Amino acid sequence: MGIKSFEGPRKGQQIENNQPLKVSDYMTRDLITFKQTQSVEEVIDTLIKHKISGGPVVNDNNELIGIISEGDCIKQISDSRYYNMPQENNSVEKHMIRNVETIDGNLNVFDAATKFLESKRRRFPIVENGKLVGQISQKDILKAAMKLKGQNWK
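Residues numbered from 1 in each chain as written. Predicted model: local features only at pLDDT ≥ 70, side-chain atom pairs only at ≥ 80, totals over all residues. Heavy atoms only, no water.

Novice: Could you give an account of unusual backbone geometry, with specific residues and numbers?
Specialist: Phi is positive for Lys 51, close to 55 degrees, though the residue is something other than glycine. Of note, Lys 51 is situated in the loop between helix H2 (40-50) and strand S1 (54-58). Lys 51 sits in the exposed class, given a relative accessible area of 76%. For Asn 62, which is not a glycine, the phi torsion comes out positive at approximately 60 degrees. Mapped onto the fold, Asn 62 is located in the loop between S1 and strand S2 (64-69). (Helix = DSSP H or I, 4+ residues; strand = E, 2+ residues; numbered from the N terminus. Buried < 20%, exposed > 50% of the residue type's maximum accessible area, 1.4 Å probe, protein only.)

Right, dumping it as structure tokens:
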């Protein structure tokens, strides 16, 4: 005779198949992007106006060529003051990060959360067929977690 459990069957032990779990289900598709020829001042104005901390830099074909962040802008301001250089000719191209790590839109949000923790990045662009299609941020992962709250996440 085996041991009986008095807890009874648990409801919702597994995530339902229709519950979205992919990065593409939570990524932002309507992105604020920058061009390499824009000035850092334009980027700063946009970051402040839209209350964002950075964004992807794309070419005319919407291909990802870099990322520029608040930190990149602050570094440019600091350098120009430190070296007593005028802030002219301070294009995004000179200050953006070129080696951009992207994330697959089909990646599970929990694996994406791990990738955020390991990389210490605030956002990852999503590229499909060479074109920028979206971006996932740490906040998007938190929103996904809250939406899935109460489910068994195993």
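Structure's up, so let's keep going.
Novice: Please provide a residue-by-residue account of the pattern of salt bridges, values included.
Specialist: The final tally for this structure, using the stated rule, is 5 salt bridges. A salt bridge links Glu 70 to Arg 122; the shortest N-O distance between them is 3.8 Å. Of this pair, Glu 70 sits in helix H3 (residues 70-82) while Arg 122 sits in the loop between helix H5 (109-119) and strand S3 (123-128), and the two are 52 residues apart along the sequence. Glu 101 is the salt-bridge partner of Lys 115, the closest N and O atoms lying 3.5 Å from each other. (Salt bridge = Lys/Arg side-chain N within 4 Å of Asp/Glu carboxyl O.)

Novice: Any details on the packing of aromatic side chains? Residues and values, ideally.
Specialist: Using the criterion set out here, one finds 1 aromatic pair in the structure. Directly above the ring of Phe 124 sits Lys 115, whose terminal nitrogen or CZ lies 5.5 Å from the centroid. (Phe/Tyr/Trp six-rings, centres within 6.5 Å; stacked < 30°, edge-to-face > 60°. Lys NZ or Arg CZ within 6 Å of the ring centre and 35° of its normal.)

Novice: How would you sum up the confidence of the model for the protein? Please name residues and give values.
Specialist: Across the protein, the average pLDDT comes to 83, with 79% of residues at or above 70. Note that pLDDT drops below 50 for residues 8-17; the model gives that stretch 9 contacts with residues more than four away or on any other chain. (pLDDT = per-residue confidence, 0-100. Contact = heavy atoms within 4.5 Å.)

Novice: Explain the environment of Asp 72 to me, using residue names and the numbers behind them.
Specialist: The topology assignment puts Asp 72 in helix H3. Placed 23 residues apart in sequence, Asp 72 and His 95 show a C-alpha to C-alpha distance of 6.1 Å. Asp 72 has contacts with Ile 67, His 95 and Ile 97, leaving out every residue within four places of it along the chain.

Novice: Which residues make up the nonpolar core, and what are the values?
Specialist: Membership of the largest hydrophobic core comes to 13 residues, with the highest contact counts inside it found for Val 23, Tyr 26, Ile 103, Val 109, Ile 126, Ile 136 and Ile 141. Within the residue set of this core, elements represented by two or more residues are helix H1 (23-26), H5, S3 and helix H6 (138-147). With 3 residues, the top contributor of residues to this core is H5. Residues within four places of Ile 141 in sequence aside, it is in contact with Val 109, Ala 112, Ala 113, Phe 116 and Ile 136. (Core = buried A, V, L, I, M, F, W, Y, C linked by side-chain atoms within 4.5 Å.)

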